[in-house]
Amino acid sequence: MKKKTEAPDGSMSLSDHLRELRNRILVILAVFIIGVVVCFSSASPIVELLTGLGEQFGYQFVYIRPQELLMVYFTISLLGAFVLSLPVTAYEIFSFCSPGLKQIEKSMMLLGMIFGTVFFAVGVLFAYFITVPFMLRFLIAFSTDVTVTASISIEEYMSFLLTVFTIFGVIFELPVLSVILTALGVVKPSWLVKARRAMIVVIFFVAAIITPPDIVSQIMVAIPIIALYEFSILLSRLVYKAKRKKEEES
């Protein structure tokens, strides 16, 4: 195996960078493929868990194409493998980028990966335990006055859940994003405060789009997002003050 050649200042040639990038990508792909195999063998309990969430409100699930259930299992396997391989992926990305970053950039990148994963998971859990039940309860209520049974395609149901989970996972990244941008000098707390009113309008608009057309669901979605925005302002202020203090001392 060809060894890396480093210049006297510790830098690497372009070919060495490309070789290192290839090796790290291969490691990530290998872990991902192993994750797909592992998750596919345990996809059935996950499907049972997610369908159970709808069944408690009276939904019945069917598949209307021969390969539909298999595709659901495969989708879950891909997402599960992605989640399981995240630690390895984050480590490989950080290891590849860190030599060219400043100390504060390294710290922000590392903290962003760690807390970004945590907040994304919190967003998914919030959607699973609070948002999705409200949505399912509201939507099934339309069938109480008519003799129609809610037999839902399993693929459409899973697509609905994954969309909601992804949206809330991304929304809960707001505090992490505000900290990183403030630390890097891209955003100031005063800007976030000035944009508060406009952001509240945007938040309620987004809540109206991603929830059923009832005020309760919209409020249940909008209030946590507004709380996250206020929390982002608080964190941004703390980071900004710490940054200014460090600059004054240096």
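Residues numbered from 1 in each chain as written. Predicted model: local features only at pLDDT ≥ 70, side-chain atom pairs only at ≥ 80, totals over all residues. Heavy atoms only, no water.

Moving on, we come to the overall build of the protein chain. From N to C terminus, the protein chain includes 10 helices and 2 strands. The order of α-helices and β-strands along the protein chain, N terminus first, is α-α-β-α-α-α-β-α-α-α-α-α. By the compact-globule yardstick of 18 Å for 250 residues, the protein chain is too spread out, its C-alpha radius of gyration being 23 Å. The dimensions of the protein chain, computed from C-alpha atoms along their principal axes, are 80 × 55 × 20 Å. Split into buried and exposed, the 250 residues of the protein chain put 33% on the buried side. Pairs at least 24 apart in sequence give 80% of the contacts found in the protein chain among residues at least 6 apart. Total accessible area on the protein chain is roughly 15,400 Å²; 72% of this is exposed by carbon and sulfur atoms. Computed over 20 positive and 18 negative side-chain charges, the separation of the two mean positions in the protein chain equals 12 Å. (Helix = DSSP H or I, 4+ residues; strand = E, 2+ residues; numbered from the N terminus. Rg over C-alpha atoms; globule rule 2.2 N^0.38 Å. Buried < 20%, exposed > 50% of the residue type's maximum accessible area, 1.4 Å probe, protein only. Contact = heavy atoms within 4.5 Å. Areas by Shrake-Rupley, 256 points an atom, 1.4 Å probe, with all protein chains shown as cover. Lys, Arg positive; Asp, Glu negative; His and termini not counted. Charge placed at Lys NZ, Arg CZ, Asp CG, Glu CD.)

Side chains of nonpolar character tend, in soluble globular proteins, to be buried together. One finds Tyr59, Val132, Leu136, Tyr157, Met158, Phe165 and Phe168 to be the most contacted residues of the largest nonpolar core, which totals 35 residues. Sorting the residues of this core by element identifies α2 (43-55), α3 (68-84), α5 (103-140), α6 (154-171), α9 (196-210) and α10 (215-249) as the ones contributing at least two each. For this core, the element with the highest residue contribution is α6, accounting for 8 residues. Look past the residues within four positions of Tyr59 in its chain and what remains in contact with it is Gly54, Leu136, Leu139, Ile140, Ala150 and Ile152. (Core = buried A, V, L, I, M, F, W, Y, C linked by side-chain atoms within 4.5 Å.)

Glancing now at the layout of surface pockets. By volume, the largest pocket amounts to about 1,100 Å³. If you trace the largest pocket, you find 33 residues lining it, with Leu79, Phe82, Val83, Phe120 and Val124 closest to the centre. Going through the elements one at a time, α2, α3, α4 (86-97), α5 and α6 are the ones with two or more residues in the lining of the largest pocket. Of all the elements, α5 adds the most residues to the lining of the largest pocket, at 11 residues. Taken together, the residues of the lining of the largest pocket sort by class into 27 nonpolar, 5 polar and 1 charged. (1 Å grid on protein atoms, 1.4 Å probe; cavity = no way out; pocket = protein on both sides within 12 Å on 5 of 7 lines; lining within 4 Å. Points joined across faces, edges and corners; volume = space filled by probe spheres on them. Nonpolar A, V, L, I, M, F, W, Y, C, P; charged D, E, K, R; others polar.)

Below, the discussion takes up the environment of Val72. Note that Val72 resides in helix α3. For the pair Val72 and Ser159, spaced 87 residues apart in the sequence, the C-alpha separation amounts to 9.0 Å. When residues no more than four places from it in sequence are discounted, the contact partners of Val72 are Val47, Ile154, Glu155 and Met158.

For the rest of this paragraph, the subject is α9. Compared with an ideal rise of 1.5 Å per residue, which puts 15 residues at 21 Å, α9 spans 21 Å between its outermost C-alpha atoms and is within 8% of the ideal. Along α9, the residues classified as buried are Ile203, Ala207 and Ile210. The buried side chains of α9 occupy one side of the element, clustering within an arc of 75° when seen end-on. Exposed positions of α9 whose direction lies more than 90 degrees from the buried face are Arg197, Val201, Phe205 and Ile209. Residues of α9 that are buried in the fold lie against α5, α6 and α10. (Expected span 1.5 Å × (residues − 1). Arc of directions from axis to C-beta.)

Turning our eyes to something else, we now look at the packing of α5 against α10. Across the interface, α5 lies against α10 with an axial gap of 10 Å and an inter-helix angle of 160°. Here α5 is positioned roughly antiparallel relative to α10, judged by the angle of their axes. α10 is crossed by α5, and the crossing has right-handed handedness. Where α5 approaches α10, its residues Phe119, Phe126, Ile130, Thr131 and Phe134 are matched on the opposing element by Val216, Ser217, Met220, Val221, Pro224 and Phe231. Residues that form the contact of α5 with α10 fall into these classes: 9 nonpolar, 2 polar and no charged. (Axes fitted to C-alpha atoms, helices over the stretch in contact; angles between N-to-C directions. Parallel < 35°, antiparallel > 145°, perpendicular 65-115°, else oblique. Left-handed = near helix turned anticlockwise from the far one by under 90°.)

Mapped onto the fold, Met108 is located in helix α5. For the pair Met108 and Val201, spaced 93 residues apart in sequence, the C-alpha to C-alpha distance is 30 Å. Here Met108 is in contact with Val179, Ile180, Ala183 and Leu184, once residues within four sequence places are set aside.

Residues Leu14, Leu18, Leu21, Ile25, Leu26 and Leu29 make up a contiguous nonpolar surface patch of roughly 560 Å² in combined accessible area. Structurally, Leu21 can be placed in helix α1 (residues 14-41). (Patch = residues over 30% accessible without salt bridge, like charges linked within 9 Å, V, L, I, M, F, W, Y side chains within 5 Å. Salt bridge = Lys/Arg side-chain N within 4 Å of Asp/Glu carboxyl O.)

A rise of 1.5 Å per residue sets the reference length of α5, with its 38 residues, at 56 Å; its end C-alpha atoms lie 53 Å apart and thus fit the reference within 8%. Helix geometry: α5 is bent most strongly at Ala127, by close to 45°. (Bend = angle between axes of the 7 residues up to and from the residue.)

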